[in-house]
Amino acid sequence: MSTQAQTLRFEAVYAETYEQILGYVVRRCPSSEDAADVVAETYATAWRRIDALPHGEEARLWLYGVARKTLANHRRGQARRQRRSGESSVAELDVDIADLYSRTPESTVELGTIARTFRELRDDDRELLSLVAWEGLDHAQIAMVMGVSRNAVRIRLHRARKRFSQALTSAGVIAHHFAMESA
Amino acid sequence: MNELQQIARVNDKDLAGQASGAGARALLAAIVAEEPVPEPRRRPVKRFVLAAAVTAVLAAVAVIGPSIVNGRGTATSYANSAIEVWQEGGQWKGRIKDPFANPAEFEEAFRAVGVDVKLELLPSSPRWVGQIFGGGSVPTERMGTSNFSVDQEPAGCALTSPDCTLLLSFPIDSAGQHLKVGRPAKPGEAYEDHPMATAKGRSLDGYRVDEKTVGEVLPEIEKRGLKVVYQIIDPNSNGQGYGVDPNKQSTPVGDDWVVWEAEEAQLGVVRLIVTDRRYDKNPVYGGPRDDVVKD
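All figures in this text were calculated on a predicted structure; none of them were measured in a lab.

1. A word on the packing of helix 1 (residues 4–28) of chain A against helix 2 (residues 32–48) of chain A
All names here are of chain A.
Consideration 1: Look at helix 1 against helix 2: their axes get within 10 Å of each other, and the N-to-C directions meet at 150 degrees. Between helix 1 and helix 2, the angle is such that the two are roughly antiparallel. Both helix 1 and helix 2 take part in a crossing whose hand is right-handed. Along the contact surface, helix 1 presents Q6, T7, F10, Y14, T17, Y18, I21, L22, V25 and V26, while helix 2 presents A35, V38, V39, T42, Y43, A46 and W47.

Pasting the structure below:
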């Protein structure tokens, strides 16, 4: 049963986290249509599981976790466009998000090589490095998003950085390791 | 702002105000208009049982119209002396019969069935033999490598034996993928992975090289019958990480140089990661090795 309290709480969490979840998804989805689907499905899942939605700052991390799984399902083609929240609402979302995809980020040859090398990393390495660089998460927060221990995050992150650095070296980027720590 | 932030499509700060946009509001309204009824729990065990039924359906589809399945009207199975490829249970399966085969043979088989996947069997340290150790999506493509798996058949067999094969599985709709799988290295072949040599079970098991000088570690390495190559690194000024200048690698390394870690380079050869002077922090780990590696 949906209660007024549940609705109010969900609306508050939605307002609080929408831009960050949108950012997470847009940075990882190749097309705006996919991004709209994943954002819609992430929040639809959160609504269905409102009782499990944590309070405070942890809500955002929990939603990153849901978005991460939704994205993985979407990539596997298992999600079959579950537009249970209504076609029209996603259509409007499509328009908003398409606008984000029409922007052209500044680019240089070196950034292009870095971007390509980054895309060629193993999925789990890329996700860890992204959570640090893009979402600005620390080890404990990543542990919560990924459902693993802090220590596991630290070790995997170290290895991911090492592999990224090696891949950059192979790609001819004499760039130094990036300051991939969160701010 | 670092380079990774610069390659991001958007930054969160660019998204201010999106939550009050028409699309975001419409989505919220549509979601809360429904009852928050939990979905029936997906039980993985049940899904495996279901998979058998799904397999039968997919097999039927494959027979009726291979063009529906792979979109190119090409064969749904193919075999040459290196690999055998077929569909099973909604997946592509590839039995690698000869991990040392010419890569063109793998390419030929995948092309014949219309699969856009590049498979490389590369010499690796024992750590990654028979496993996927690298690769990823070719730029602009969307699927990741996490849905690819490799199993040894029979389980745990030695890949150098002709009876030992590798079974590769991946989703039928995979495209634009590049996969690096480890195979045993031939004598003199460099490993394509870069595993730490000081971990348990590796060449320098039980011996720490970090923060010692080259002169200190060489006797132990020689005692173990190993040869040495060097990678000369340039630590970052903040102590986190390092760069490698390919043009500097032929500089002669002195006994007083500092070693930060050792990697397996090839069979019987370790690669020491070195600098010409001491730094406050181990650049490989951004601090003490003990903070990162638990032996």
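2. Points about the nonpolar core
Soluble globular proteins tend to pack their nonpolar side chains together in the buried interior.
Consideration 1: Within the largest apolar cluster, 65 residues are counted, with the highest numbers of intra-cluster contacts made by F10(A), Y18(A), V25(A) and Y43(A).
Consideration 2: Of the residues that make up this core, three or more belong to each of domain 1 (4–101) and domain 2 (109–170) of chain A.

3. Comments concerning the state of the cysteines
All names here are of chain B.
Consideration 1: A complete count under the given rule lists 1 disulfide over all chains for this structure.
Consideration 2: The disulfide partner of C157 is C164, and the S-S distance across this bridge is 1.9 Å. Residues C157 and C164 share a disulfide whose torsion about the S-S bond is about 65 degrees; that sign makes it right-handed.
Consideration 3: The buried category is assigned to C157, whose relative accessible area is 15%.

4. Details of helix 3 (residues 58–76) of chain A
Consideration 1: For helix 3 of chain A, built from 19 residues, the straight-helix expectation of 27 Å at 1.5 Å per residue is met to within 8% by its first-to-last C-alpha distance of 27 Å.
Consideration 2: Contacts made by the buried residues of helix 3 of chain A are with helix 1, helix 2 and helix 7 (139–146) of chain A.

5. Describing the pattern of salt bridges
Consideration 1: Scanning the model with the defined rule gives 22 salt bridges over all chains in all.
Consideration 2: Its salt-bridge partner being D12(B), residue R27(A) comes within 2.9 Å of it at the nearest N-O pair. Residue R27(A) is found in helix 1, and its partner D12(B) is found in the loop between helix 1 (3–7) and helix 2 (22–32); the two belong to separate chains.
Consideration 3: In this structure R27(A) comes out as buried when scored by relative accessible area, which is 7%.
Consideration 4: The structure contains a network of salt bridges with shared partners spanning R27(A), R28(A), E127(A), E135(A) and D12(B).

6. Examining the side chain of R27(A)
Consideration 1: In this structure the side chain of R27(A) is engaged in a polar contact, spanning 2.6 Å, whose partner is the side chain of E135(A).
Consideration 2: Polar contacts involving the side chain of R27(A) include one to the side chain of D12(B), which spans 2.9 Å.

7. Quick word on the confidence of the model for chain A
All names here are of chain A.
Consideration 1: When pLDDT is averaged across chain A, the result is 81; 83% of the residues are at 70 or more.
Consideration 2: The model gives residues 78–88 a pLDDT under 50, and that stretch makes 24 contacts with residues more than four places away or in other chains.
Consideration 3: Within the model, pLDDT remains below 50 along residues 177–183, and this stretch shows 26 contacts once partners closer than five positions in the same chain are excluded.

8. Some points on the sheet that holds strand 1 (residues 77–79) of chain B
What holds strands together in a sheet is hydrogen bonding between their backbones, with the strands either parallel or antiparallel.
Residue and element names in this part refer to chain B.
Consideration 1: Across the sheet, 5 strands lie side by side as 1-2-3-7-6; this open sheet has antiparallel pairing. Both outer strands of the open sheet, strand 1 and strand 6 (149–153), are each paired with one neighbouring strand and no more. Neighbour to neighbour, the strand axes of the sheet diverge by 20 degrees on average, direction disregarded.
Consideration 2: Relative to strand 7 (residues 165–171), strand 6 runs antiparallel, the two sharing 5 bridges. By the bridge assignment, D151 is partnered in strand 7 with L167.

9. Observations concerning unusual backbone geometry
Residues and elements named next belong to chain B.
Consideration 1: For the bond from E153 to P154, the omega torsion is -10 degrees, close enough to zero to count as cis.
Consideration 2: Mapped onto the secondary structure, P154 falls in the loop between strand 6 and strand 7.
Consideration 3: Even without a glycine there, the phi angle at E211 is positive, about 70 degrees.
Consideration 4: Mapped onto the elements, E211 comes out in the loop between strand 8 (175–184) and helix 6 (214–223).
Consideration 5: Since its relative accessible area comes to 34%, E211 is described here as partly exposed.

10. Topic: the sheet that holds strand 13 (residues 269–275) of chain B
All names here are of chain B.
Consideration 1: With respect to topology, 3 strands assemble into an open sheet ordered 9-13-12, the strand pairing being mixed. If you trace the sheet from one side to the other, it starts and ends with strand 9 (227–232) and strand 12 (258–266), each paired once. Each neighbouring strand pair of the sheet contributes to a mean axis angle of 30 degrees, computed without reference to strand direction.
Consideration 2: Where strand 12 and strand 13 come together, 7 bridges link them in antiparallel fashion. Within strand 13, the position partnered with E264 by the bridge is V270.

11. Focus on the packing of aromatic side chains
All names here are of chain A.
Consideration 1: Enumeration according to the criterion identifies 10 aromatic pairs over all chains in this entry.
Consideration 2: Consider the rings of F118 and W134, whose centres lie 5.7 Å apart with planes at 65 degrees: the pair is edge-to-face. Of this pair, F118 sits in helix 5 (residues 109–119) while W134 sits in the loop between helix 6 (123–133) and helix 7, and the two are 16 residues apart along the sequence. You'll find F118 and W134 in the same group, each marked buried.
Consideration 3: Cluster of aromatic residues (ring-pair linked, three or more members): F10, Y14, Y18, Y43 and W47.
Consideration 4: R28 extends its terminal NZ or CZ atom over the ring of Y24, reaching a point 3.7 Å from the ring centre.

12. Some details on helix 2 of chain B
Consideration 1: The buried count for helix 2 of chain B comes to 8 of 11 residues, which makes it a mostly enclosed element.
Consideration 2: Looking at helix 2 of chain B, one finds that the buried residues are G23(B), A24(B), A26(B), L27(B), L28(B), A30(B), I31(B) and V32(B).

Each value, and the rule that gives it
- Chains are numbered independently. Their residues run from 1 in the order of the written sequence.
- Each chain takes a letter, starting from A, and each ligand takes a number, starting from 1, following the order in which they are written.
- Note on the predicted model: pLDDT of at least 70 is required for a residue's local features to be given, and 80 or more for side-chain atom pairs to be given and counted; whole-chain, interface and lining totals, by contrast, use all residues.
- Only heavy atoms go into the side-chain values, all of them from the structure, while hydrogens and water stay out.
- Think of each axis as a best-fit line through the C-alpha atoms, taken over the contacting stretch in the case of a helix, with angles from 0 to 180 degrees between the N-to-C directions.
- Helix and strand definitions here come from DSSP, where helices need a minimum of 4 consecutive H or I residues and strands a minimum of 2 consecutive E residues; each element is numbered from the N-terminal end.
- Orientation is classified from the angle alone, with under 35 degrees giving roughly parallel, over 145 giving roughly antiparallel, 65 to 115 giving roughly perpendicular, and any other angle giving oblique.
- Crossing handedness is read from the near helix: turned anticlockwise from the far helix by less than a right angle, it gives a left-handed crossing, and turned clockwise, a right-handed one.
- By the convention used here, residues are in contact when the closest approach between their heavy atoms is within 4.5 Å.
- We define a nonpolar core as any set of buried Ala, Val, Leu, Ile, Met, Phe, Trp, Tyr and Cys residues linked to one another through side-chain atoms lying within 4.5 Å.
- We call a residue buried when its accessible area falls under 20% of the maximum for its residue type, exposed when it is over 50%, and partly exposed in between, using a 1.4 Å probe and counting protein chains only.
- Residue ranges assigned to each domain were obtained from an automatic or database domain assignment.
- Throughout, disulfides are identified as pairs of cysteine sulfur atoms within 2.5 Å of each other.
- Expected span, for any helix, means 1.5 Å times one less than how many residues it has.
- By definition here, a salt bridge exists when the distance from a side-chain nitrogen of Lys or Arg to a carboxyl oxygen of Asp or Glu is within 4 Å.
- What qualifies as a polar contact is a pair of N or O atoms within 3.5 Å, subject to a donor-acceptor requirement within protein and to the restriction that residues adjacent in sequence count only when both atoms come from side chains.
- Confidence scores per residue from the predictor, reported as pLDDT, run from 0 to 100.
- Two strands are counted as paired when DSSP detects at least two bridges linking them.
- For Phe, Tyr and Trp, where Trp contributes only its six-membered ring, two rings pair if their centres lie within 6.5 Å, and the inter-plane angle classes them as stacked under 30 degrees, edge-to-face over 60, or tilted in between.
- Only when the NZ atom of a Lys or the CZ atom of an Arg is both within 6 Å of the ring centre and within 35 degrees of the ring normal do we say a charge sits over the ring.

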